Amino acid sequence: MRKIFQLFFFSFLTVGFYNAQETLPVYQQYLMEGDFLFNPALYGKTDKVVLNLNYQKQFSKFSESPNVQSVGMHANIVDRLGAGLSFFRDQNGPISANGISVGASYFIPIGDDGERKDQFSFGTNLNFYNMNIDWAQLNPEDPGDPNLSNENGIFMLYSNIGMAATFKNFFAGVSVVDIPLSNDIPIQNGIEPQPTKIFLNLGYDVYFGEDFYVTPSVLANLNTNSSRMLDMNIMATAKSDENSFSGGVSFRGIKNRFGNQNLSFSPVIKATVNNFFFGATYNFGLSDIQEYGGNSFMLSIGYNFDNFINSRGFRYR
């Protein structure tokens, strides 16, 4: 039974990845300093040069379970202009996908306090995406099956756009990602599903004194194929001038034409020590697939460097 399930599961993922050509999958990166990976308007949102690395492992019971790695860096580079660069690799058995994103953002202060707590930004980037299948890892009954192509891979050029704002402890953002710019004839003709997604996020920091606050937030992932994924998060943070510690949970559900499904319940922890930050989350699956595939986890580390790119600093006026 397990072998049958694994075969079905692999076939499902193969078709999904090969047709939809999804770029970086969204987990809880955005809760662990990786929000710029899904909204280019957040490049350079602080005065630091931010380095962020993430590793996600799915379906731990499978010997060749999917895993995703990402590395990104962003900073304020001159006046109010930010820029960012990121790389990701998504490995799923014989299927591997790689992407490089590069883009820029622009910030407009909306407060008079001389700090970057209240600001509006917009940004865009380009994503150079490539997917390959290692046919040598397959063991088909009929090796001569014409459906088993030996093509080198699929290359796509995507664009992403976004806006973000922070104001009086509120934060919000909207981004449209994976807008295909090349090799999109099958998409436009309806042969392959439209990969474009819309991310909406909203949250608020509720302070209980100067050094402790609680942050409820939501993230909605919408796409043109009528599926709706919703994350509901709550995080509590205790901080000092140089350090902070946060803990909370994230609940994920999805709605599509087949109905509603609870996907995961994820405890989340993260901390900052001087300029070093790290985080971890464990995804307890709530669907039947976890009985066979197991749960997943994510690890995140990073560092906030002093801004060696723009020594003049952010221009407030």
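The following refers to the structure shown. Remember, predicted model here, so these are calculated numbers, not experimental data.

Counting 31 residues, the largest nonpolar core has Leu24, Val26, Phe38, Tyr129, Met131, Met156 and Phe199 as its most contacted members. For this core, the elements supplying multiple residues, two or more each, are β4 (95-109), β5 (119-133), β6 (154-167) and β11 (228-239). At 4 residues, β6 tops the list of elements feeding residues into this core. Sequence-distant contacts of Phe38, defined by excluding residues within four places in its chain, comprise Leu24, Pro25, Val26, Gln29, Ser175, Val177 and Phe199.

Our focus in this paragraph is the environment of Leu126. With respect to the helices and strands, the residue Leu126 is situated in strand β5. Distance from Leu126 to Asp178, taken between C-alpha atoms, is 9.2 Å for residues 52 residues apart in sequence. Among all residues touching Leu126, those that are not within four sequence positions of it are Ile100, Ser101, Val102, Leu157, Tyr158, Ser159 and Leu181.

For a regular strand, side-chain orientation follows a simple rule: the groups alternate between the two sheet faces. Sheet topology note: the strand β7 (residues 170-180)/strand β8 (residues 197-204) ladder contains 8 bridges and is antiparallel. If you follow Phe170 over to β8, its bridge partner there is Tyr204.

Per the counting criterion, the structure on display carries 13 aromatic pairs. Each ring, one from Phe88 and one from Tyr129, has its centre 6.4 Å from the other, and the planes form 25°; the classification is stacked. Taken together, the residues Phe88 in strand β3 (residues 81-92) and Tyr129 in strand β5 connect sequence positions 41 residues apart. In terms of burial, Phe88 and Tyr129 fall into one category: buried.

This part covers the pattern of salt bridges. Side chains that differ in sign of charge can pair as their charged atoms come close. Overall, the coordinates contain 7 salt bridges when judged by the stated rule. Between Asp35 and Lys45 there is a salt bridge, and its shortest N-O distance comes to 2.7 Å. Separated by 10 residues along the polypeptide, Asp35 in the loop between α1 (2-20) and β1 (49-57) and Lys45 in the loop between α1 and β1 bring together distant segments of the chain. With a relative accessible area of 18%, Asp35 lands in the buried category. Note on Lys45: relative accessible area 24%, which makes it partly exposed. Between Lys197 and Asp178 there is a salt bridge, with the nearest N and O atoms lying 2.6 Å from each other. Taken together, the residues Lys197 in strand β8 and Asp178 in strand β7 connect sequence positions 19 residues apart. Its relative accessible area of 2% is what places Asp178 among the buried residues.

Rules used throughout
- Residues numbered from 1 in each chain as written.
- Predicted model: local features only at pLDDT ≥ 70, side-chain atom pairs only at ≥ 80, totals over all residues.
- Heavy atoms only, no water.
- Core = buried A, V, L, I, M, F, W, Y, C linked by side-chain atoms within 4.5 Å.
- Buried < 20%, exposed > 50% of the residue type's maximum accessible area, 1.4 Å probe, protein only.
- Helix = DSSP H or I, 4+ residues; strand = E, 2+ residues; numbered from the N terminus.
- Contact = heavy atoms within 4.5 Å.
- Pairing = 2+ DSSP bridges.
- Phe/Tyr/Trp six-rings, centres within 6.5 Å; stacked < 30°, edge-to-face > 60°.
- Salt bridge = Lys/Arg side-chain N within 4 Å of Asp/Glu carboxyl O.

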